[in-house]
Amino acid sequence: MNFKVPRGTQDILPDASWKWQRIEKIARSICDVYNYKEIRTPIFEQTELFQRTVGDTTDIVQKEMYTFTDRGDRSMTLRPEGTAPVVRSFVENKMFGYADQPVKLYYTGPMFRYERQQAGRYRQFVQFGVEAIGSDDPAIDAEVIELAMTIYKRSGLSDVKLVLNSLGDKESRTAHRDALVAHFSPNIEEFCSDCQNRLEKNPLRILDCKVDREHPLMKAAPSLADFLNEESSAYFEKVKHYLDLAGIEYEYDPNLVRGLDYYNHTAFEIMSTSKGFGAITTLCGGGRYNGLTEEIGGPAAPGIGFALSIERLLLALEAEDKAWTDEPSLDVYLVTLGDQARAKGFELLGKLRENGLRSEMDYMNRKIKAQMKSADRLQANYVVVIGEEEVLENVVQLKDMTAGQQKKVSIDELFDELK
Ligand code: HAM
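Residues numbered from 1 in each chain as written. Predicted model: local features only at pLDDT ≥ 70, side-chain atom pairs only at ≥ 80, totals over all residues. Heavy atoms only, no water.

### Considering the environment of Asn365
Quick note on the threshold: Segments assigned H or I by DSSP are reported as helices when at least four residues long, segments assigned E as strands when at least two residues long, and all are numbered from the N terminus.
Checked against the element boundaries, Asn365 lands in the loop between strand 13 (359–361) and helix 13 (368–377). A sequence separation of 28 residues divides Asn365 from Leu337, and the C-alpha atoms of the two residues are 9.7 Å apart.

The following block contains the structure:
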């Protein structure tokens, strides 16, 4: 029997894993500068957590969750996203009581959604996300967006655009909801059964429907923008003002609705504008979620955050022809000749590594020529050659591979030379 990686998942092989590590390193260091601290939550949670927060009528909850019953007969779900778990932990651990508010958190790890596999869409994918919980200052909205944009910039991407919308507060959303019900009700039997169900429960989700996308009533649907009350509009204006101050360009899109129910006010996505990028252009999504802590039994703590997928960031780099090729190279490759030299080399290898030098030697009993070839393949900056003569003299031949020069140095001097 041949085993294969499950559909929609992938192995990150050793020739690519360094890229993942590098993105994480970039993103972590940016979070550090913005004073966000890492949080790690479990891979699975109670199913109800996602039903409550992401929303019963969303595609994620209705069609995409990996839900299972554990041996204690509890319904559990592999996390499809990171915000609900983080907010659950915020409430459970009473982070609302921390002296420093807002609480600024980041996380990275695999998320699971049973989606149709296509380029850039996986069933297991890795998100890097940020949540700032406890403040409704529009400046923090801008900070979170700026942080996301900085991750792309620092990764080397340039063909990205920020798309922004306001979903308004509860009052604005209720007014819009009523208008949607009035708009779709008379002809709802022309829509799919999902949409018919959504009419009462969550008419906004009708606008996401992939089946009835072309129905004329879709385009003519009342826009949320026309229902924003004064407070919501004022909030949105302030967010935009702060983005202007940060020098961040954005495109206003009144039709931007997110696929999760917990959002209000600021909603945004960052898209790749690169021509080479596939059909799915969203790299990152986020927004504000005031009221989410109360939804899961905590006190009020307004929040905002985003999540990006590392897979899509790497695909976007490729599409822009900026795929990283500068895999970290080896500092030193040790070439040895004969048993004594090998023993000496093995000792030296430990010392090189102790000094933080990325070093390697041959474990395949290869001839000197083949060892040199390995050193080349691994792009070693230096090759240290030890033969029988060198053992007797307590020296090594040090070859600088960039300069192409070779010289004899004593073992004691070697570390100074390598510095
Ligand atoms: P989301 O829009 O569902 O939001 O996902 C965020 C990002 O995750 C997407 O923009 C996309 O890059 C990536 N993503 C989603 N599904 C897939 C998939 N099947 N394959 C590859 N990448 C995918 C959230 O998850 C929210 N929790 C974001 C957030 C944080 N909002 C506030 N705080």
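Still more ground to cover, so stick around.
### Re helix 6 (residues 170–184)
Inclusion rule: By definition here, a helix of n residues has an expected span of 1.5 Å times n minus one. Two residues qualify as a contact provided that any one of their heavy atoms is within 4.5 Å of a heavy atom in the partner residue.
Its 15 residues give helix 6 an end-to-end C-alpha distance of 21 Å, which sits within 8% of 21 Å, the value for a rise of 1.5 Å per residue. For helix 6, the elements touching its buried residues are helix 7 (193–201), helix 8 (216–219) and helix 9 (230–245).

### Section: the packing of helix 1 (residues 17–33) against helix 11 (residues 310–319)
Inclusion rule: Whenever a helix is involved, its axis is fitted only over the stretch in contact; in every case the axis is a line through C-alpha atoms, and angles between N-to-C directions fall within 0 to 180 degrees. Any angle from 65 to 115 degrees is called roughly perpendicular, while one under 35 is roughly parallel, one over 145 is roughly antiparallel, and all others are oblique. Each residue gets one of three labels, nonpolar for Ala, Val, Leu, Ile, Met, Phe, Trp, Tyr, Cys and Pro, charged for Asp, Glu, Lys and Arg, and polar for the others, Gly among them.
Following both chains from N to C, one finds helix 1 and helix 11 inclined at 105°, their axes separated by 11 Å at the closest point. One finds that helix 1 runs roughly perpendicular with respect to helix 11. Facing helix 1, whose interface residues are Lys19, Trp20, Ile23 and Glu24, helix 11 presents Ile310, Glu311, Leu313 and Leu314. The residue makeup of the contact of helix 1 with helix 11, split by class, is 5 nonpolar, no polar and 3 charged.

### Some points on the packing of helix 6 against helix 7
Rules: Crossings are classed by handedness, with left-handed meaning an anticlockwise turn of the near helix from the far one by less than a right angle and right-handed meaning a clockwise turn.
One can describe the packing of helix 6 onto helix 7 by two numbers: an axis separation of 9 Å at closest approach and a directional angle of 140°. When the axes of helix 6 and helix 7 are compared, the pair comes out oblique. Helix 6 and helix 7 meet at a crossing whose hand is left-handed. Here Arg177, Val181 and Phe184 of helix 6 lie close against helix 7, whose contacting residues are Leu199, Glu200 and Lys201. In the contact of helix 6 with helix 7, the residues fall into 3 nonpolar, no polar and 3 charged.

### With respect to the site of the ligand
Short version of the rule: Here a residue is considered near a molecule or strand provided that any single heavy atom belonging to it is located within 4 Å of it. Pairing of N or O atoms within 3.5 Å defines a polar contact, subject to two protein rules: one partner must be a possible hydrogen donor and the other a possible acceptor, and residues neighboring in sequence count only if both atoms are side-chain atoms.
In the neighbourhood of the ligand, 27 residues make up the surrounding shell, with Glu81, Thr83, Glu115, Arg258 and Tyr263 lying closest. In this structure, a nitrogen atom belonging to the ligand sits 2.6 Å away from a side-chain N or O atom of Glu115. At 3.1 Å from an oxygen atom of the ligand is found a side-chain nitrogen or oxygen belonging to Gln127. The residue inventory of the shell around the ligand, partitioned by class, reads 11 nonpolar, 9 polar and 7 charged.

### Section: helix 7
The following threshold applies: Here's how the labels work: a residue is buried when its accessible area is under 20% of the maximum for its type, exposed when over 50%, partly exposed in between, all with a 1.4 Å probe on protein chains only. By definition, the arc is the one covered by directions from the helix axis to the C-beta atoms.
Those residues of helix 7 not exposed but buried are Cys195, Arg198 and Leu199. Down the axis of helix 7, the smallest arc covering the buried residues is 115°, so these residues share one side. Among the exposed residues of helix 7, those oriented more than 90 degrees off its buried face are Ser193, Asn197, Glu200 and Lys201. In this structure, the buried residues of helix 7 make contact with helix 3 (59–64) and helix 6.

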